[in-house]
Amino acid sequence: MDEIMLVLTNLPDRDSAQRIAHSLIENHAAACVNILAECTSVYRWQEKIENASEVPLLIKTTRAAYPRVEELIRSQHPYELPEIIAVSVVAGLPAYLQWVVQEVSSINVVSKE
């Protein structure tokens, strides 16, 4: 089975989070995207400490599909340097993990004619 990945990113608002989540699913780059509640991020950017409200995404995908995930996030993300972190899933319910692989590798895209 292909290696399962959990990808994390943060967006500045719910609308952009929804847009990216839908794009990832529509393009079979991810099997599921959780849009979490808004949080506060504290970080240093260009020598200044920032506080920002952000909407986190948890993206379930595979190692093989990760390049598509990164490309879709980067092309639609409003930040100059978006957070994109991928971690390997070392264990999980086998049936769920198999579902992730099937959804991401699915090429059964319905034509919109």
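Fair warning: this is a prediction, and the values are worked out from it, not measured in the lab. For every chain, the first residue of the written sequence is number 1, and numbering continues from 1 along that sequence. Selection of residues for local features in this predicted model requires a pLDDT of at least 70, selection of side-chain atom pairs for listing and counting requires 80 or more, and totals for whole chains, interfaces and linings are taken over all residues. Here the side-chain values reflect all heavy atoms present in the structure, with hydrogen atoms and water set aside.

Colleague: Could you clarify how one ought to interpret the state of the cysteines in this entry?
Modeller: Any covalent bond linking the sulfur atoms of two cysteines counts as a disulfide. Cysteine sulfur atoms that pair up within 2.5 Å are treated as a disulfide. Tallied over the full model, the rule gives zero disulfides. Here Cys 39 stays free of any disulfide, with the sulfur of Cys 32 as its closest cysteine sulfur at 18 Å.

Colleague: In this structure, what is going on with the pattern of salt bridges? I would like to understand it.
Modeller: Two side chains that carry opposite charge are able to pair once their charged atoms sit near each other. Here a salt bridge means any side-chain nitrogen of Lys or Arg lying within 4 Å of a carboxyl oxygen belonging to Asp or Glu. Applying the stated criterion to the full structure yields two salt bridges. The closest approach of N and O atoms between Arg 63 and Glu 3, which form a salt bridge, is 2.7 Å. With a gap of 60 residues between them, Arg 63 in the loop between β4 (48–62) and α2 (66–76) and Glu 3 in the segment before β1 (4–11) connect regions that are remote in the sequence. For the exposure calls, accessible area comes from a 1.4 Å probe over protein chains only, and a residue counts as buried if that area is under 20% of its type's maximum, exposed if over 50%, partly exposed in between. When its relative accessible area of 28% is taken as the criterion, Glu 3 is described as partly exposed. Put simply, Arg 74 and Glu 70 hold a salt bridge, and the shortest N to O gap is 3.9 Å. With a gap of four residues between them, Arg 74 and Glu 70 both fall in helix α2, about one helical turn apart. Note on conventions: DSSP H or I runs of at least 4 residues are helices, E runs of at least 2 residues are strands, and numbering of each starts at the N terminus.

Colleague: Can you walk me through a nonpolar patch on the surface in this structure?
Modeller: Like charges within 9 Å and nonpolar side chains (Val, Leu, Ile, Met, Phe, Trp, Tyr) within 5 Å are joined into patches, using only residues over 30% in relative accessible area that form no salt bridge. Here, Shrake-Rupley sampling with a 1.4 Å probe gives the accessible areas, and only protein chains in the shown set may cover a residue. Taken together, the side chains of Tyr 43, Trp 45 and Leu 81 make up a nonpolar region of the molecular surface, amounting to roughly 290 Å² of accessible area. Within the element layout of this structure, Trp 45 appears in strand β3 (residues 39–45).

Colleague: It is not clear to me how unusual backbone geometry should be interpreted in this structure. Could you clarify?
Modeller: The phi torsion of most residues other than glycine is negative, and most of the peptide bonds are trans. The residue His 28 is not glycine, and still its phi comes out positive at about 55°. Along the polypeptide, His 28 turns up in the loop between α1 (14–26) and β2 (32–35). Residue His 28 is classed as buried on the basis of its relative accessible area, which comes to 13%.

Colleague: For this particular structure, what's the right way to read the environment of Ser 41?
Modeller: Positionally, Ser 41 belongs in strand β3. Along the chain, Ser 41 and Leu 24 lie 17 residues apart, while their C-alpha atoms are 24 Å from each other. Every residue in contact with Ser 41, bar those within four places of it in the chain, is listed here: Glu 50, Asn 51, Ala 52 and Glu 54. Two N or O atoms form a polar contact when they lie within 3.5 Å of each other; inside protein one atom must be a possible hydrogen donor and the other a possible acceptor, and for residues adjacent in sequence the pair counts only when both atoms belong to side chains. There is a polar contact of 2.4 Å between the side chain of Ser 41 and the side chain of Glu 54. Residues are treated as being in contact if the distance between any of their heavy atoms lies within 4.5 Å.

Colleague: Can you walk me through the environment of Trp 45 in this structure?
Modeller: By relative accessible area, which is 31% here, Trp 45 ends up partly exposed. Not counting residues up to four positions away in its chain, the partners in contact with Trp 45 are Glu 50, Glu 80 and Leu 81.

Colleague: So what exactly am I meant to see when it comes to the nonpolar core here?
Modeller: Within soluble globular proteins, side chains that are nonpolar tend to cluster in buried spots. Note on terminology: a nonpolar core comprises buried Ala, Val, Leu, Ile, Met, Phe, Trp, Tyr and Cys residues joined through side-chain atoms within 4.5 Å. Residues Val 7, Leu 24, Val 33, Leu 57, Ile 59, Val 69 and Ile 73 are the most contacted members of the largest nonpolar core, which totals 17 residues. Where this core is concerned, the elements lending two or more residues are β1, α1, β4 and α2. Once you skip the residues sitting within four places of it in the chain, Leu 57 turns out to touch Val 7, Leu 8, Thr 9, Leu 11, Ala 17, Ile 20, Val 33, Asn 34 and Ile 35.

Colleague: In this structure, what is going on with the packing of aromatic side chains? I would like to understand it.
Modeller: Geometry of an aromatic ring pair is reported as the spacing of the ring centres plus the angle between the planes. The criterion for an aromatic pair is that two Phe, Tyr or Trp rings (for Trp, the six-membered ring) have centres within 6.5 Å, with stacked assigned to planes under 30 degrees apart, edge-to-face to planes over 60 apart and tilted to the rest. This model, assessed by the stated rule, comprises one aromatic pair. Summarising the aromatic geometry, the rings of Tyr 96 and Trp 99 are spaced 5.4 Å apart at their centres and angled 40° between planes, so their arrangement reads as tilted. In this pair, Tyr 96 and Trp 99 are both assigned in helix α3 (residues 94–105), three residues apart and thus about one turn of the helix distant. Exposure remark for Tyr 96: the relative accessible area of 32% places this residue in the partly exposed category.

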